[in-house]
Amino acid sequence: MDPTELEKIGLRPTDVIYYAGILDGEGCVMLSKCKYKNGKTYYKPRVSITGCYYPTLKYLKNLTGCLLYRQNPKDERPCYTAIFNGARALLFLKALLPFLKEKRNQALALLEVEKYPPKSSQHERIHKKLRALKKVFYEPT
């Protein structure tokens, strides 16, 4: 991705590498299954990063304008979630893709969404593919 593309989402090259590492360890790549009021289903690309260190996620929000939420688990320290939805989620993933390791296959699967129109039946297939890619178990070496 060239520098002008990065500027569209507010990231510098060093930020891209940094946040790719964070997304690999603390992030989630998904195609959210949602419903309209009339009951019809639609799918929305979403990328989120959750962590307890607020300055890291606040910096990401300041750079990109992503959503930032505070979660208050009972009897635990608060954590925060930065969220990219829709086209911004796809732009964010494209920027990070060359540096992703663990989430690379999930990112590639989510980016398939761009090949199809918004109400394509292929979105259900991609949704299921992403869910399957998340079921990975690592054995200690």
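Fair warning: this is a prediction, and the values are worked out from it, not measured in the lab.

Q: When you look at the pattern of salt bridges in this model, what are you seeing that I'm missing?
A: Oppositely charged side chains may form a pair once their charged atoms are brought near each other. Summed over the entire model, instances satisfying the criterion amount to six salt bridges. A salt bridge links Lys94 to Glu114, with the nearest nitrogen and oxygen atoms 2.9 Å apart. In this pair, Lys94 is assigned in helix α4 (residues 86–96) and Glu114 in the loop between α5 (104–111) and α6 (122–133), connecting sequence segments 20 residues apart. Between Glu112 and Arg125 there is a salt bridge, and its shortest N-O distance comes to 3.0 Å. In this pair, Glu112 sits in the loop between α5 and α6 while Arg125 sits in helix α6, placing the two residues 13 residues apart along the sequence. Residue Glu112 is classed as buried on the basis of its relative accessible area, which comes to 12%. A single salt-bridge network, built from bridges that share partners, covers Lys33, Glu124 and Lys128.

Q: Just to check I follow, could you spell out the nonpolar core for this structure?
A: As a rule of thumb, nonpolar side chains are buried together in soluble globular proteins. Leu60, Phe92, Leu93, Leu96 and Leu110 are the most contacted members of the largest nonpolar core, which has 34 residues in total. For this core, the secondary structure elements donating two or more residues are α2 (13–26), β1 (27–35), β2 (41–51), α3 (54–64), β4 (79–85), α4, α5 and α6.

Q: How should α6 be read in this particular structure?
A: Side chains three or four residues apart in an α-helix point the same way, a direct result of the helix having 3.6 residues per turn. With 12 residues, α6 should reach 16 Å at 1.5 Å per residue; the first-to-last C-alpha distance of 17 Å fits that figure. Those residues of α6 not exposed but buried are His123, Ile126, His127 and Leu130. Down the axis of α6, the buried set is contained in an arc of 105 degrees. They therefore lie on one face. The elements touched by buried residues of α6 are β1, β2 and α5.

Q: Explanation requested: the sheet that holds strand β3 (residues 67–71) in the structure shown.
A: Judged by pairing direction, the sheet is antiparallel, and its four strands sit side by side in the order β1-β2-β4-β3 without closing on themselves. Every interior strand has two partners, whereas the edge strands, β1 and β3, have only one. Ignoring strand direction, the axes of neighbouring strands in this sheet form an average angle of 30 degrees. Two strands pair when backbone bridges link them, and β3 and β4 are joined in this way by five bridges, in the antiparallel orientation. Across the sheet, the residue bridging to Arg70 is Tyr80, located in β4. Lying over the sheet, α2 contacts β1 and β2, oriented at roughly 105 degrees with respect to β2. Across the sheet, α6 lies against β1 and β2, angled at about 140 degrees from β1, the strand it touches most.

Reading the values: the criteria
Residues numbered from 1 in each chain as written. Predicted model: local features only at pLDDT ≥ 70, side-chain atom pairs only at ≥ 80, totals over all residues. Heavy atoms only, no water. Salt bridge = Lys/Arg side-chain N within 4 Å of Asp/Glu carboxyl O. Helix = DSSP H or I, 4+ residues; strand = E, 2+ residues; numbered from the N terminus. Buried < 20%, exposed > 50% of the residue type's maximum accessible area, 1.4 Å probe, protein only. Core = buried A, V, L, I, M, F, W, Y, C linked by side-chain atoms within 4.5 Å. Expected span 1.5 Å × (residues − 1). Arc of directions from axis to C-beta. Contact = heavy atoms within 4.5 Å. Pairing = 2+ DSSP bridges. Axes fitted to C-alpha atoms, helices over the stretch in contact; angles between N-to-C directions.

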